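Each chain, written out:
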Amino acid sequence: MTKISPSLLSADFGNLYKAIDMLNSSAASMIHIDIMDGVFVPNISLGFPVMKAVSKRAKLPLDVHMMIVNPHNYINQVRDAGGAIMNVHIEACTHLHRTVQAIKAAGMKAGVTLNPATPIVMLEDIIGDIDLVLLMSVNPGYGGQQFIPSVLPKLTRLRELCASTGYHPMIEIDGGVNLLTGQELVKAGAEVLVAGNYVFSAPDPREAIASLAAL
Ligand code: DX5
Ligand code: ZN
């Protein structure tokens, strides 16, 4: 079984409770929340008040993906809005070690996210401190983009780093996930798949989640 973290970004924002209720009764393991600032990425999505409303209704942990500059400044707000995992981009953190410790001290799991062009070697000196690695398989900012296949050999390099260091953070992939790419990703060692467009554009989203979870 693969863990699935459906991305609310592709849900109908006019009817978020319907989407959350569907997820609560699906095979999803968590709910992926994409926070953007229009600076780190060119788009803007939702913020803490909306996330708080989501967390009140959700029965699954919130997997928060911070696509913003200086995510350190928002650690308490993510926690107070119901975040369980806080993923920060390595490209957005000057003092990553400090940020990771602060996320954990706030009572959340700490995830480190890499853009498609950021190499695995950047994780070498932080891998022992983190709970999760989130590899982007699209350039962040939008749902429904095409999968970038270079994440597959990158996953292999991440697993080699885990094996050589003895640290095993959870491995999550975000972007362009569908049944075909999902299958490749799981084969290469992905443990959590984020899926937005594939889930919410499916005629039966619950069934789409179940089919990914069965990979
Ligand atoms: C992209 C976001 C993703 C996005 C994935 O910037 O980080 O979480 O919602 O969407 P799909 O699955 O449609 O590529
Ligand atoms: Zn995301």
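See the structure above.
Residues numbered from 1 in each chain as written. Chains lettered and ligands numbered in written order. Predicted model: local features only at pLDDT ≥ 70, side-chain atom pairs only at ≥ 80, totals over all residues. Heavy atoms only, no water.

## Quick look at the side chain of aspartate 174
Thinking step 1. You can see aspartate 174 is positioned in strand 7 (residues 170-174).
Thinking step 2. Comment: no salt bridge for buried aspartate 174; closest opposite-charge side chain is lysine 154, at 12 Å.
Thinking step 3. At a separation of 3.2 Å, a polar atom in the side chain of aspartate 174 contacts the side chain of histidine 32.
Thinking step 4. Among all residues touching aspartate 174, those that are not within four sequence positions of it are His32, Asp34, His65, Leu134, Leu135, Met136, Ser137, Val138 and Val194. (Helix = DSSP H or I, 4+ residues; strand = E, 2+ residues; numbered from the N terminus. Buried < 20%, exposed > 50% of the residue type's maximum accessible area, 1.4 Å probe, protein only. Lys, Arg positive; Asp, Glu negative; His and termini not counted. Salt bridge = Lys/Arg side-chain N within 4 Å of Asp/Glu carboxyl O. Polar contact = N/O pair within 3.5 Å; in protein donor to acceptor, adjacent residues only side chain to side chain. Contact = heavy atoms within 4.5 Å.)

## Section: the sheet that holds strand 3 (residues 62-67)
Thinking step 1. With respect to topology, eight strands assemble into an open sheet ordered 1-8-7-6-5-4-3-2, the strand pairing being parallel. Bordering the open sheet on either side are strand 1 (3-6) and strand 2 (31-36), each of which pairs with just one other strand. Adjacent strand axes in the sheet meet at a mean angle of 25 degrees, parallel and antiparallel pairs treated alike.
Thinking step 2. Docked against the sheet, helix 2 (residues 48-57) engages strand 2, strand 3 and strand 4 (83-89), running at close to 165 degrees with respect to strand 3.
Thinking step 3. Contacts from helix 5 (residues 151-165) reach strand 5 (109-114), strand 6 (132-136) and strand 7 within the one sheet, and its direction differs from that of strand 6 by about 160 degrees. (Pairing = 2+ DSSP bridges. Axes fitted to C-alpha atoms, helices over the stretch in contact; angles between N-to-C directions.)

## Focus on the coordination of the zinc ion (ligand 2)
Thinking step 1. At the metal site, the zinc ion (ligand 2) is ligated by His32 (NE2), Asp34 (OD), His65 (ND1) and Asp174 (OD), and these contacts range over 2.1 to 2.3 Å.
Thinking step 2. The sequence motif formed by the donor residues of the zinc ion (ligand 2) is H-x1-D-x30-H-x108-D. One end of the pair, histidine 32, is in strand 2; the other, histidine 65, is in strand 3, and 33 residues separate them in sequence.
Thinking step 3. By relative accessible area, histidine 32 is classed as buried at 0%.
Thinking step 4. Taking relative accessible area as the criterion, histidine 65 reaches 0% and is therefore assigned buried. (Donors = N, O, S within 2.8 Å, 3.2 Å for Na, K, Ca; no water.)

## Remarks on the side chain of threonine 118
Thinking step 1. Secondary-structure assignment places threonine 118 in the loop between strand 5 and strand 6.
Thinking step 2. Beyond its immediate stretch of four places on either side in the chain, threonine 118 contacts Ile90, Glu91 and Lys154.

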